[in-house]
Amino acid sequence: MDWLLHAGDDPGHKLLLMLVGIALFVALMGIILFVVDRPRNPPRWFVGFGFTGAALLLLLLGLVYPAVRTIVNSFMNRNSTGFIGLDNYVRAFTEPQFLLVLGNTALWVLVAPIVATFAGLAYAYLVDKSRFEALAKGLVFLPMAISMVGASIIWKFVYEFKPAGVDQTGLLNQFIVWLGGEPQQFLLSRPLNTFLIMVVFIWIQAGFAMTLLSASIKAIPDDIIEAARLDGVSGLGMFWRITIPSIRPALVVVLTTIAMTTLKTFDIVRTMTAGQYGTSIVALEFYDQRFRQGDAGLSAALAVLLFVIVIPVIIYNVRQQRLSEEVR
Amino acid sequence: MSTVEAATPAPEVPRPARSSSMGDRARKARKALSNPWASTLAVVIAILWTIPTIGLLITSFRPELDVRRSGWWTVFGDALAGEGVFSLRNYETALFGGSTDLATYFVNSFVVTLPAVFIPVTVALLAAYGFAWVDFKGRDFLFIAVFALQIVPIQITLVPLLTAYVDLGVNGTFWAIWLSHSAFALPLATFLLHNFMKDIPASLVEAARMDGAGHVQVFFRVVLPLLTPALAAFGIFQFLWVWNDLLVALIMGKPDTFPLTVRVAELAGSRGGDWHVLSAGAFISMIVPLIVFLSLQRYFVRGLLAGSVKG
């Protein structure tokens, strides 16, 4: 049993454990399918749950139950031993430390998705039908493939600071020095640091926005564009009056998807500043409260808040989609 | 089934028109040639976009002293003067140096990722078949419920899940990480594979059923072969997600199971000034996703186009 649970630091053991894990799982699935296939005329529910049962069970135990537990814990004290009503929420909305976190989160959700979507849209429009389109899109899309930890390290290096008089090693400070300015400790000064951390997120997500929006721009029927052109529409007029309205549903999807990703993103802030210097956001504060401050109740309340903030974004998305379905 | 369709806020994100005729293409080619400014600007922006990455990549090959003393952009001048020195020293230090030892974490990343891709894809595949082609009571309701679970941020589930693992005595094991990733991936995976499955002509499935094939046979003989591209698309998506994940690995794991992301993030905190090690470490953690991405970009984009449909 211990062999199955703990591999220690032996790489061979780990790899073997991985194969055992996969094999056990395949065997389990095999047994389920075998049982489902066994009866001559199985009742429908039997077959239905044979196929979907594993997923439903995993979702119930891995998502639904823990989420409900977190909601309950958010009304409990720091050890989850006593009921304290709304105290955790009151603290989150009154103490200056958390108000700053909530403010930062609001800033993130308002700024990052819009800038990322607009950057992606502008680039998708610019690159459409240009030469080297595939290569250019590939380069802009590349940050999507790497981890947010990796992306944060890449940008931390861009923001690197050396005192004036010494050769700079960070690109941004080098530019400032070339232009005759003083080098800055970018990540220490509020509120600039939050915006500079957002740049990392936008750098990643613009590629996502571009890919999706580029696909919808290409799907605009040629005859619409031809008709507009015959009517004398061109340049920016084409962009605002033909392109934007035609891809509106995709724009809404991109904007809301990025907004939801923004809320959940914790890796970037953690790697860049660990939430210090007034940069923390709810997704990170939830972690710090639980694993550094040991306050399970407050941590749970912050996690629930994260969920609550997502809901209006989703409602907006659903309503917009309904509207565009009706138009169609 | 119509209720599901109506409640699904799924816009069809149109795919690029692949079947453009020859005349179409010629017209596009002419347009492309007619706007060289846009092309140039697009390429310049793409290069600017890549410069931060290039900077760190160059740094990872420079000797420690050079990295401390001068910016990476000076290598171009040095190279012209014939002075530039590049080596794999930093990678050696990062991979096998006693204080970093990324080679071990590289193994962990693989051990974490492969089952965390294989298990949810398989479970979701079966579930998607069940929801798409088996007509059982409560199916529509359950499918909507699975679909709706996509909106649950994983943060809300992590702590109680960890408590449960502690109670079971499996906390900090690979099993805990595999199971967590599997559960988190299921809503999107089931939804996506269900959509792909619905694209299979019903006549094909029904014909096989008429011939007396059971659902299990239909699943393996008819549906599975047609679904390979969808599986590739979601598999890559999930692979990149798990390999690049920090949160789940950090909370569910222990130093024995930490993947590269956790270790490299740790280095960024504890040895933030040692850019020669950090830059090499960052690229060690990125090399696999970059290879996967560059070789299978087509599938990845397809998965993304389908995946963004989530509400």
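Predicted model, so just to flag it, every value in this text is computed and none were measured.

Q: I tried to follow the overall build of chain A on my own but got confused; where do I start?
A: Helices and strands together make up the secondary structure of chain A, namely 15 helices and zero strands. A compact globule built from 328 residues would reach a C-alpha radius of gyration of about 20 Å, whereas chain A, at 25 Å, exceeds it by more than 25%. C-alpha atoms of chain A, sized along the principal axes, occupy 70 × 60 × 50 Å. Going through the 328 residues of chain A one by one, you find that 45% of them count as buried. Excluding contacts between residues fewer than 6 apart, the proportion of contacts in chain A whose partners are at least 24 apart in sequence is 65%.

Q: Quick question: what am I supposed to make of the domain arrangement of chain A here?
A: A common way to state how big an interface is: give the accessible area lost once the parts meet. Residue and element names in this part refer to chain A. Taken domain by domain, chain A comprises domain 1 (2–85) and domain 2 (88–327). Each of domain 1 and domain 2 has a C-alpha centre, and these two points are 34 Å apart. Counting from both sides, the interface comprises ten residues of domain 1 and, opposite them, ten residues of domain 2. Looking at side-chain class alone, the side of domain 1 that touches domain 2 contains three nonpolar, six polar and one charged residues.

Q: What is the right way to look at the domain arrangement of chain B in this model?
A: All names here are of chain B. According to the domain assignment, chain B consists of domain 1 (19–87) and domain 2 (99–307). Taking only C-alpha atoms, the centre of domain 1 and the centre of domain 2 are 33 Å apart. Elements with a contribution of two residues or more to the side of domain 1 that touches domain 2: helix H3 (36–60) and helix H4 (64–69). The biggest single contributor to the side of domain 1 that touches domain 2 is H3, with four residues. Counted by class, the side of domain 1 that touches domain 2 contains three nonpolar, two polar and two charged residues.

Q: Please explain the environment of Phe191(B) as it appears in this structure.
A: All names here are of chain B. For Phe191, the location among the structural elements is in helix H10 (residues 174–198). Residue classification places Phe191 among the buried positions, given that 26 C-beta atoms sit within 10 Å. Taking the C-alpha atoms as reference, Phe191 lies 9.7 Å from Leu125; in sequence the two are 66 residues apart.

Q: Just to check I follow, could you spell out unusual backbone geometry for this structure?
A: Negative phi values dominate among residues other than glycine, just as trans dominates among peptide bonds. Residues and elements named next belong to chain A. The step from Arg190 to Pro191 runs through a cis peptide bond, and the omega angle for that step is -5°. Relative to the helices and strands, Pro191 is located in the loop between helix H8 (171–178) and helix H9 (192–218). The phi torsion at Ala274 lies on the positive side, around 55°, for a residue other than glycine. Residue Ala274 is classed as partly exposed on the basis of its C-beta count, with 16 C-beta atoms lying within 10 Å. Positive phi outside glycine occurs at Tyr277, with the angle close to 55°.

Q: Whenever I open this one, the interface of chain B and chain A confuses me. Can you help?
A: Between chain B and chain A, the residue contacts involve 98 residues of the former and 97 residues of the latter. Partitioned by chemical class, the residues of the side of chain B that touches chain A number 63 nonpolar, 27 polar and eight charged.

Q: Mind showing me how you'd approach the packing of helix H2 (residues 11–37) of chain A against helix H7 (residues 102–133) of chain B here?
A: Helix packing geometry: the angle between the two helix axes and the distance between the axes. In contact at an axis separation of 9 Å, H2(A) and H7(B) are set at 5° when each is read in the N-to-C sense. Relative to H7(B), H2(A) is oriented roughly parallel. For the pair H2(A) and H7(B), contact is made by Pro11(A), Lys14(A), Leu15(A), Met18(A), Gly21(A), Ile22(A), Phe25(A) and Met29(A) and by Thr104(B), Val107(B), Asn108(B), Val111(B), Leu114(B), Pro115(B), Phe118(B), Ile119(B) and Thr122(B), respectively. Looking at the contact of H2(A) with H7(B), its residues break down into twelve nonpolar, four polar and one charged.

Q: Which parts of the structure should I look at to understand the nonpolar core?
A: Generally speaking, nonpolar side chains in soluble globular proteins are found buried as a group. Ala209(A), Leu213(A), Leu306(A), Ala124(B), Tyr129(B) and Leu193(B) are the most contacted members of the largest nonpolar core, which has 186 residues in total. Beyond its immediate stretch of four places on either side in the chain, Ala124(B) contacts Ala55(A), Leu186(B), Ala189(B), Thr190(B) and Leu193(B).

Q: Sorry if this is basic, but what is going on with the confidence of the model for chain B here?
A: All names here are of chain B. With 87% of its residues at a pLDDT of at least 70, chain B reaches an overall mean of 82. In the predicted structure, residues 1–22 sits below a pLDDT of 50 and forms 37 contacts with residues beyond four places in sequence or in another chain. Reported confidences for the modelled complex are a pTM of 0.87 and an ipTM of 0.88.

Q: Help me out: how do you make sense of H2(A) in this one?
A: Since the α-helix turns once every 3.6 residues, residues separated by three or four places project in the same direction. Between the first and last C-alpha of H2(A) there are 39 Å, a value that for 27 residues agrees with the 39 Å anticipated at 1.5 Å per step. Those residues of H2(A) lying buried are Lys14(A), Leu17(A), Met18(A), Gly21(A) and Val36(A). In this structure, the buried side of H2(A) is in contact with helix H3 (44–73) of chain A together with H7, H10 and helix H12 (215–226) of chain B.

Q: What is the right way to look at the packing of helix H7 (residues 148–158) of chain A against H3(B) in this model?
A: Direction vectors running N to C along H7(A) and H3(B) enclose 85°, while the axes themselves pass 9 Å from each other. Classed by the angle they form, the pair H7(A) and H3(B) counts as roughly perpendicular. Contact residues: Ile153(A), Ile154(A), Trp155(A), Phe157(A) and Val158(A) in H7(A); Pro52(B), Thr53(B), Gly55(B), Leu56(B) and Thr59(B) in H3(B).

What counts as what
- Sequence positions are assigned chain by chain, starting from 1 and proceeding in written order.
- Here chains are named by letter from A upward and ligands by number from 1 upward, in the order in which they appear as written.
- Totals for whole chains, interfaces and linings use every residue, but because this is a predicted model, local features are given only for residues with pLDDT of at least 70 and side-chain atom pairs only at 80 or more, for both listing and counting.
- Secondary structure follows DSSP: runs of H or I at least 4 residues long count as helices, runs of E at least 2 residues long count as strands, and numbering of each begins at the N terminus.
- Here the radius of gyration uses the C-alpha set of atoms, whereas the globule reference equals 2.2 Å times the residue count to the power 0.38.
- Counting other C-beta atoms within 10 Å of a residue's own tells you its class, since 20 or more makes it buried, 12 or fewer makes it exposed, and anything in between is partly exposed; those C-beta atoms are placed from the backbone.
- The contact criterion used is a C-beta to C-beta distance within 7 Å, with each C-beta placed from the backbone.
- Where a domain begins and ends is set by an automatic assignment or by a domain database.
- Only Asp, Glu, Lys and Arg are considered charged in this grouping, and only Ala, Val, Leu, Ile, Met, Phe, Trp, Tyr, Cys and Pro are considered nonpolar; every other residue, Gly among them, is considered polar.
- Here an axis means a line fitted to C-alpha atoms, over the contact stretch when the element is a helix, while the angle between two N-to-C directions is reported on a 0 to 180 degree scale.
- For classification purposes, an angle smaller than 35 degrees is called roughly parallel, one larger than 145 roughly antiparallel, one from 65 to 115 roughly perpendicular, and anything else oblique.
- Put simply, a nonpolar core is buried Ala, Val, Leu, Ile, Met, Phe, Trp, Tyr and Cys residues tied into one set by C-beta atoms within 7 Å.
- For every residue, the pLDDT score states the predictor's confidence, bounded by 0 at the bottom and 100 at the top.
- Helix span, expected: 1.5 Å multiplied by one less than the number of residues in the helix.

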